[in-house]
Amino acid sequence: MLKVNRDDKNPIWQQLLDQAIHHITTGKWPPGELLPPSRELALLVGVSRSTIQIVYEELFSRGYTVTNWRGGTRVSEWGYKKNSSEEVILQGPSTPVLPLLNSAVDELNSWFRGKANQNVAIDFCPHEPYLDEHFRKKWRQSFLQASAETDLTNWGYGDAYGFTPLREQIQRYLTFERGVHVDIDQIILTSGAQHSIDLIAQALLKEGETVSVEDPGFPAAWMTMKYRRMNVIAVPVDEYGIQVDSIHPQTKLVFVTPSHQCAVGVIMSEPRRQQLLQKSVKDQFWIVEDDYDGEFRYRGGPLPTLFSQQPQNTLYMMSFSKMVAPGIRISAVIGPKDAIRQLAQVQQLTYRHLPIMEQLTLAHFIEHGHFMRHMRRARNVYRRRHEAMTKAIIASGLAERFKLSGIETGLHMLLEAEESFDEEAMTSLALEKGIRVYPLSKYCLENNRKGWVLGFAKMDELAIEEGIFRLAKILLQET
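Residues numbered from 1 in each chain as written. Predicted model: local features only at pLDDT ≥ 70, side-chain atom pairs only at ≥ 80, totals over all residues. Heavy atoms only, no water.

Participant: Break down the sheet that holds strand β16 (residues 450–455) for me, with residues and values.
Facilitator: The strand order across the open sheet formed by 4 strands is β12-β13-β16-β15, and the pairing between neighbours is antiparallel. Of all the strands in the sheet, just β12 (403–405) and β15 (438–439) have a single pairing partner and so form its edges. Packing against the sheet, helix α14 (residues 370–395) makes contact with β12, β13 (412–417) and β16, and its axis sits at approximately 20° to β13. Helix α16 (residues 423–432) contacts β15 and β16 of the sheet and is inclined by roughly 35° relative to β16. (Pairing = 2+ DSSP bridges. Helix = DSSP H or I, 4+ residues; strand = E, 2+ residues; numbered from the N terminus. Contact = heavy atoms within 4.5 Å. Axes fitted to C-alpha atoms, helices over the stretch in contact; angles between N-to-C directions.)

Participant: How would you summarise the packing of aromatic side chains if you had to cite specific residues and measurements?
Facilitator: Both the distance between ring centres and the angle between the ring planes are used here to describe each pair of aromatic rings. Within this structure, the stated rule accounts for 12 aromatic pairs. When the ring of phenylalanine 402 is compared with that of tryptophan 452, the centres are 5.7 Å apart and the planes differ by 80°; the resulting orientation is edge-to-face. Placement of the pair is phenylalanine 402 in the loop between α15 (398–401) and β12 and tryptophan 452 in strand β16, with a sequence separation of 50 residues. Neither phenylalanine 402 nor tryptophan 452 differs from the other in exposure class; each is buried. A cation sits over an aromatic face here: arginine 401 above phenylalanine 402, 5.0 Å from the ring centre. (Phe/Tyr/Trp six-rings, centres within 6.5 Å; stacked < 30°, edge-to-face > 60°. Buried < 20%, exposed > 50% of the residue type's maximum accessible area, 1.4 Å probe, protein only. Lys NZ or Arg CZ within 6 Å of the ring centre and 35° of its normal.)

Participant: Any chance you could break down the domain arrangement of the chain for me, citing the residues and the numbers?
Facilitator: For the chain, the assigned domains read domain 1 (12–75), domain 2 (117–131 + 374–477) and domain 3 (156–368). One C-alpha centre belongs to domain 2, the other to domain 3; they are set 26 Å apart. Contacts between the two partners involve 29 residues from domain 2, matched on the other side by 35 residues from domain 3. For the pair domain 2 and domain 3, the two sides together bury roughly 2,700 Å², of which 60% comes from carbon and sulfur. There are 2 salt bridges connecting domain 2 and domain 3. For the salt bridge of glutamate 408 with arginine 297, the shortest nitrogen-to-oxygen distance reads 3.6 Å. One can count 16 residue pairs in polar contact (both at pLDDT 80 or more) joining domain 2 with domain 3. Among the elements of the structure, α14 and β13 are those that each provide at least two residues to the side of domain 2 that touches domain 3. (Domains from an automatic or database assignment. Buried area = accessible area lost by both parts, 1.4 Å probe. Salt bridge = Lys/Arg side-chain N within 4 Å of Asp/Glu carboxyl O. Polar contact = N/O pair within 3.5 Å; in protein donor to acceptor, adjacent residues only side chain to side chain.)

Participant: Let's hear about the pairing of β13: which residues, and what values?
Facilitator: Across the 6 residues that make up β13, a large majority, 6, are buried. Covered by surrounding structure in β13 are His412, Leu414 and Glu416 together with Met413, Leu415 and Ala417, the residues of both alternating faces. When β12 meets β13, the two strands line up antiparallel, connected through 3 bridges. Bridge pairing in β13 links leucine 404 to leucine 415. With antiparallel pairing between neighbouring strands as the criterion, β12 and β13 make up a hairpin whose turn holds 6 residues, including glycine 406 at a positive phi of roughly 75°. Bridging between β13 and β16 involves 6 bridges; their strand directions are antiparallel. Its bridge partner being in β16, leucine 415 is matched across the sheet by tryptophan 452.

Participant: For the pairing of strand β11 (residues 331–334), give the residues involved together with the corresponding values.
Facilitator: Burial along β11 is two-sided: Ser331 and Val333 facing one way and Ala332 and Ile334 facing the other are all buried. Pairing of strand β4 (residues 187–190) with β11 involves 4 bridges; the strand directions are antiparallel. Residue threonine 190 lies in a different strand from β11, and its bridge partner there is serine 331. By the bridge criterion, 4 bridges tie strand β10 (residues 314–319) to β11 in an arrangement that is antiparallel. Following the sheet pairing, serine 319 is matched in β11 by serine 331.

Participant: Pulling in residues and values, what's your account of helix α9 (residues 270–283)?
Facilitator: With 14 residues, α9 should reach 20 Å at 1.5 Å per residue; the first-to-last C-alpha distance of 20 Å fits that figure. The set of residues buried in α9 consists of Arg272, Arg273, Leu276, Leu277 and Ser280. All buried residues of α9 fall inside an arc of 135° around its axis, so they share one side. When the buried face of α9 is taken as reference, the exposed residues oriented beyond 90 degrees from it are Pro271, Gln278 and Lys282. Its buried side turned inward, α9 meets β6 (231–238), β7 (241–242), β8 (251–256), β9 (286–290) and α10 (306–309). Phi turns positive, to about 55°, at glutamine 284, one or two residues after α9. (Expected span 1.5 Å × (residues − 1). Arc of directions from axis to C-beta.)

Participant: I'd like a description of the sheet that holds β8, backed by residues and values.
Facilitator: Backbone hydrogen bonds hold the strands of a sheet together, and the pairing may be parallel or antiparallel. Read across the open sheet, the 8 strands follow the order β4-β11-β10-β9-β8-β5-β6-β7; overall the sheet is mixed. Looking along the sheet, the strands with just one partner apiece sit at the ends: β4 and β7. Most of the contacts of α9 go to β9, to which it runs at about 145°, and overall it touches β6, β7, β8 and β9.

Participant: Mind laying out α16, listing which residues take part and the relevant values?
Facilitator: Taken residue by residue, α16 has Glu423, Met426, Thr427, Leu429, Ala430 and Leu431 as its buried positions. Within two residues after α16, glycine 434 carries a phi angle of roughly 90°, on the positive side.

Participant: Let's hear about the packing of helix α6 (residues 164–178) against helix α13 (residues 356–367): which residues, and what values?
Facilitator: Contact pair α6 / α13: the axes reach a minimum separation of 8 Å and the direction vectors enclose 35°. For the crossing formed where α6 meets α13, the hand is left-handed. Mapping the contact onto sequence places Pro165, Leu166 and Gln169 in α6 and Gln359, Leu362, Ala363, Ile366 and Glu367 in α13. Taken together, the residues that form the contact of α6 with α13 break down as 5 nonpolar, 2 polar and 1 charged. (Left-handed = near helix turned anticlockwise from the far one by under 90°. Nonpolar A, V, L, I, M, F, W, Y, C, P; charged D, E, K, R; others polar.)

Have a look at this one:
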């Protein structure tokens, strides 16, 4: 019978309901068992009839009982099922084995984070930008003001293209800062480079089609394409950029980083750019241009984009991860209207739209001038740190033993060794000494080039100099 515990914090009806469900599911009240009338049970338990009626209504609504005006309330026929003599182990469906996914994630983590070590004193991370308290203060101001000023309609389901005022600010920025003139419906917002690449793969390619990527290059690009079951072909990179003559004749898409080649750091030469553009028209393939840190150039202004020269088959990827902060997860893809419309359709089906608050805040941040002031401040910081690293590499003697490249643009440079060099052993040795460097081999798909991709954005000049001289002591002594 049901009992009431007056010291229990749960309501009386909840106590009785839990006991009744336990009796039914364990078979103490078997299927077909007639329960006492509510008035009778209330007297037996010592509670009001209305409490028992609540319990009976809950049992019925959850399917534990059936009710008939002549037959009363009975335990449902399917409410309890006897176990066999062997204990039944309840478990869900087995998780499918996805070797392609698991290996890609492992490889991505290895590329992005390097080897784990709790005692890293100096980290030449090439992936993260400079941030300071001034940025956080201004971002917080934009966050609060945008929250206060926004219309309630903005909190509904949004546009798959992205928040319109933010796309308008990006449109203005592209016009005045990059010389790229586009309509608002040629811009779609995404949550980062990998999201952009994934949308492009789903919207513009078919499973099994051939895509060409730089080697060394951006690992996330070919990992995402491989996961979407594309036939990924590695194309070597030399001092002029991607070797256009080596692009596969059946390729449907070429992924490039022309302003500052990912890993090697070279700028794609103008003859090579023209060769790529002409080949894309002749062979009818897409060019995906990732301009991830081309804003930061130390000799002259930012270079013209491939998109500005040939917009009909080029998709231009820009990201606020390097320009502002990776944590806001906002990027953009700019391209022909039909292509962007197709990306938006995929986004609407699979993702719907980006979170509104980050878009509102970034739109306010740009509109009120905070973005450009942050960019000017960051450029000055990067220029000093770039100079400090270049001078330290030369003064330490590393430039005599290794080839230095990628020093005109971006937030990292390359210190390249011979292919016979034991890159892995030297990377591990540096890590043991508290210095994390990022091996070039992690950026290679098939290539055997060796060296280190050294970022300088997050370290001040003193840390850069100390890190380079400590690294030189390790490398030059061992070699």
